[in-house]
Amino acid sequence: MVKRYGYFEALKGINLNIDEKEIFALVGPNGAGKTTTFKIISTLLLPTMGQVKVFGYDTVNESDKVRKIISYLPEEVGVYKNITGYEYLDLIASIYFGNSSEYSKALELGIEVANLGSRIYDKMKNYSKGMKKRIQLARVLMTKPKLAILDEPTTGLDFEYSYEIRKIILEYNKKFNITFLVSSHNLQEVETISSKIAIIKGGLIMEYGSIDDLLEKYQVKNIEELYIKIIKGS
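Fair warning: this is a prediction, and the values are worked out from it, not measured in the lab.

Bringing the pairing of strand β2 (residues 8-12) into the picture now. Note that strand β1 (residues 2-5) and β2 share 4 bridges and pair antiparallel. Within β2, the position partnered with Tyr5 by the bridge is Phe8. As consecutive antiparallel partners, β1 and β2 are separated by 2 residues, and within that stretch Gly6 has a phi angle of approximately 65°, a positive value.

Right, here's the structure in full:
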């Protein structure tokens, strides 16, 4: 997969294969191409060259089918300030399921993931950053997507909120067999939740594989040491 913006090549020909039901992490420095990759997989950007398939569907020619089975949480995402968290989740459930029997189940699941107690009925302009992230994560997971794409889901959050989000990712991966594609600058977090990683730099995949195999290959103790060895050594 290649992505160019004019003469600038943001992605220089990356190739990834993510297995169903796994938690896969894409890590790399700022500007490496992580968000561009996520946007192409999410059908928000078109690749300049190459093909991307999500559960067999082409992201360009079958984008409508892809959008029905994925959810995407960008790193920076706002909220509708003058409606409550409940009203927002109710809106999302209505958009996806209308008046079908799945509507109430999705809304109930969204409220469960958000876990905001009575604050779910407060207007979102009064939410903290952590609460906003929880409501957006609820929006992503309440539809039970086959693939959930999370771009830096814990950035800027305190330990408690970060821990809860990691816990939710692990729980819903097992509970609903949701495949997760995540990015994070917190490499300890990546090591906690992911089974496979790809390290990207300058639009190129520098290394890719299972965490255990890569730690053994490079003779390092953890992902932080692995990351530094690959990024600094390249």
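Continuing now.
Take Ser184: it is sitting in the loop between β8 (179-183) and α7 (187-193). A polar side-chain atom of Ser184 sits 3.0 Å from the main-chain amide nitrogen of Asn186. Here the side chain of Ser184 touches Glu189 through a polar contact of 2.9 Å, side chain to side chain. Setting aside its immediate chain neighbours within four residues, Ser184 contacts Leu26, Val27, Glu152, Glu189 and Val190.

Note on placement: Tyr127 falls in the loop between α4 (101-114) and α5 (129-141). Tyr127 sits 48 residues away from Val79 along the chain, and the two C-alpha atoms are 9.4 Å apart. Ignoring any residue separated from it by four or fewer positions in sequence, one finds Tyr127 in contact with Gly85, Leu116, Arg119, Ile120, Tyr121, Asp122 and Lys132. One polar contact links the side chain of Tyr127 to the main-chain amide nitrogen of Gly85, over a distance of 3.4 Å.

Here we take up the packing of aromatic side chains. Applying the stated criterion across every chain yields a total of 6 aromatic pairs. Seen from their ring centres, Tyr96 and Phe97 are 6.2 Å apart, and the 40° between their planes marks the pair as tilted. With a relative accessible area of 41%, Tyr96 lands in the partly exposed category. Residue placement shows Lys175 over the ring face of Tyr172; its charged tip is 5.7 Å from the ring centre.

Before going further, it helps to examine helix α3 (residues 85-97). With 13 residues, α3 extends 18 Å between its outermost C-alpha atoms, agreeing within 8% with the 18 Å of an ideal straight helix rising 1.5 Å per residue. Within the span of α3, buried status applies to Gly85, Tyr88, Leu89, Ile92 and Ala93. All buried residues of α3 lie within an arc of 135° about the axis, which places them on one face of the element. Packing partners of the buried residues in α3 comprise α4 and α5. Just past α3, the residue Gly98 takes up positive phi, approximately 55°.

The rules behind each value
- Residues numbered from 1 in each chain as written.
- Predicted model: local features only at pLDDT ≥ 70, side-chain atom pairs only at ≥ 80, totals over all residues.
- Heavy atoms only, no water.
- Pairing = 2+ DSSP bridges.
- Helix = DSSP H or I, 4+ residues; strand = E, 2+ residues; numbered from the N terminus.
- Polar contact = N/O pair within 3.5 Å; in protein donor to acceptor, adjacent residues only side chain to side chain.
- Contact = heavy atoms within 4.5 Å.
- Phe/Tyr/Trp six-rings, centres within 6.5 Å; stacked < 30°, edge-to-face > 60°.
- Buried < 20%, exposed > 50% of the residue type's maximum accessible area, 1.4 Å probe, protein only.
- Lys NZ or Arg CZ within 6 Å of the ring centre and 35° of its normal.
- Expected span 1.5 Å × (residues − 1).
- Arc of directions from axis to C-beta.

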